[in-house]
Amino acid sequence: MNKFTKYEKFGAYHWKQYADGTKYKAHADRIKEWVKEKNVLDIGAGDGLITHLVGAKGIEYEEEGVRLAQEKGVDVIQGDAYNLPFEDNSFDAVMMIDVIEHLEDPRRALREARRVAPILYVNTPPKKDDGTLTDRFHIQEWSPAGLTAIIESEGYLLDNAVIVYPKEKMMYAKFI
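What comes next concerns the included structure.

Cut-offs and rules
- Per chain, the residues get numbers from 1 upward, laid out in the order the sequence is written.
- Thresholds applied to this predicted model are a pLDDT of at least 70 for local features of residues and 80 or more for the giving and counting of side-chain atom pairs; totals over whole chains, interfaces and linings are not thresholded and use all residues.
- Based on all heavy atoms of the structure, the side-chain values leave hydrogens and waters out of the count.
- Helix and strand assignments follow DSSP, with helices taken as H or I runs no shorter than four residues and strands as E runs no shorter than two, numbered in order from the N terminus.
- Each residue is assigned to one of three classes by its accessible area relative to the maximum for its type, calculated with a 1.4 Å probe on protein chains only: buried under 20%, partly exposed between the two thresholds, exposed over 50%.
- Lys and Arg are tallied as positive, Asp and Glu as negative. Neither His nor the chain termini are counted.
- Salt bridges are identified by distance alone: a Lys or Arg side-chain nitrogen within 4 Å of an Asp or Glu carboxyl oxygen.
- Two N or O atoms count as a polar contact when they lie within 3.5 Å, although within protein this holds only if one can serve as hydrogen donor and the other as acceptor, and sequence-adjacent residues are included solely when both atoms are side-chain atoms.
- It only takes one pair of heavy atoms within 4.5 Å for two residues to be counted as in contact.
- Nonpolar cores are built from buried Ala, Val, Leu, Ile, Met, Phe, Trp, Tyr and Cys residues. Side-chain atoms within 4.5 Å join them into one set.

Mapped onto the fold, Asp42 is located in strand E1 (residues 40-43). The buried charged residue Asp42 lacks any salt bridge, with Lys57 as its nearest oppositely charged partner at 12 Å. Of note is the side chain of Asp42, whose polar atom sits 2.6 Å from the side chain of Thr51. Residues contacting Asp42, with those up to four places away along its chain left out, are Ile50, Thr51, Ala56, Lys57, Gly58, Ile59 and Met95.

The structure is reproduced here in structure tokens:
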């Protein structure tokens with residue numbers, strides 16, 4: 001697996017992209033409007049931009065991401081998706097925004113997410129038709145049906161549908 005080095009190389013790049021009005025701003029604003037719960041955990045919070053926009057608590061594996069988020073005043077702690085340091089049902093919802101494709105054991109992370117919250121918001125790029133990954137830091141990617149299958153196998157149920165934005169190469173789904 002390639003070590004995630006984007007924070008070391010580019011700093012708090014999500015904040016920069018958001019301020020510059022790139023397509024990332026549309027993505028982040030979509031998440032902000034989508035997530036309605038107030039007590040939310042952002043698993044894989046990165047540099048904390050979306051965590052901040054949603055008013056969530058964040059957990060991030062990469063030390064530099066945690067440092068950058070905290071530098072921006074965002075409530076992010078260091079930890080991993082496999083061993084969340086929270087009591088059962090501590091949150092109303094969990095977000096995995098641009099995260100699940102980076103995980104070596106997504107089922108284990110989904111079980112932990114389910115343990116701490118009954119609702120899951122997830123987004124990830126859809127699997128390319130030729131099966132190649134969309135980013136060198138991704139371990140796996142799914143079709144909408146494949147994403148639904150893996151998440152539902154861990155006790156969640158798809159709420160409505162997986163929404164795919166082909167131009168942006170992103171899909172979004174809420175599970176309950």
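Formed by 29 residues in total, the largest nonpolar core has its most connected members in Leu41, Ile43, Met96, Leu120, Val122 and Ile151. Listed by contribution, the elements that provide at least two residues to this core are E1, strand E4 (93-97), helix H6 (106-116), strand E5 (120-124), helix H7 (144-152) and strand E7 (170-175). The biggest single contributor to this core is H6, with four residues. The residues touching Leu41, leaving out its near neighbours within four places in the chain, are Lys57, Gly58, Ile59, Leu84, Phe86, Phe91, Ala93, Val94, Met95 and Val116. Within the second largest apolar cluster, 28 residues are counted, among which are Ala12, Tyr13, Tyr18 and Ile50.

Here we come to the pattern of salt bridges. Under the counting rule described, the total for this entry stands at eleven salt bridges. Between Asp135 and Lys6 there is a salt bridge whose closest N-O contact spans 3.2 Å. Within this pair, whereas Asp135 is found in the loop between E5 and H7, its partner Lys6 is found in helix H1 (residues 6-10), the two being separated by 129 residues in sequence. Judged by relative accessible area, which is 23%, Asp135 ranks as partly exposed. Look at Lys6 and you get partly exposed, because its relative accessible area is 21%. Put simply, Lys25 and Asp29 hold a salt bridge, and the shortest N to O gap is 2.7 Å. Taken together, the residues span about one helical turn, with Lys25 and Asp29 both in helix H3 (residues 23-34) at a distance of four residues.

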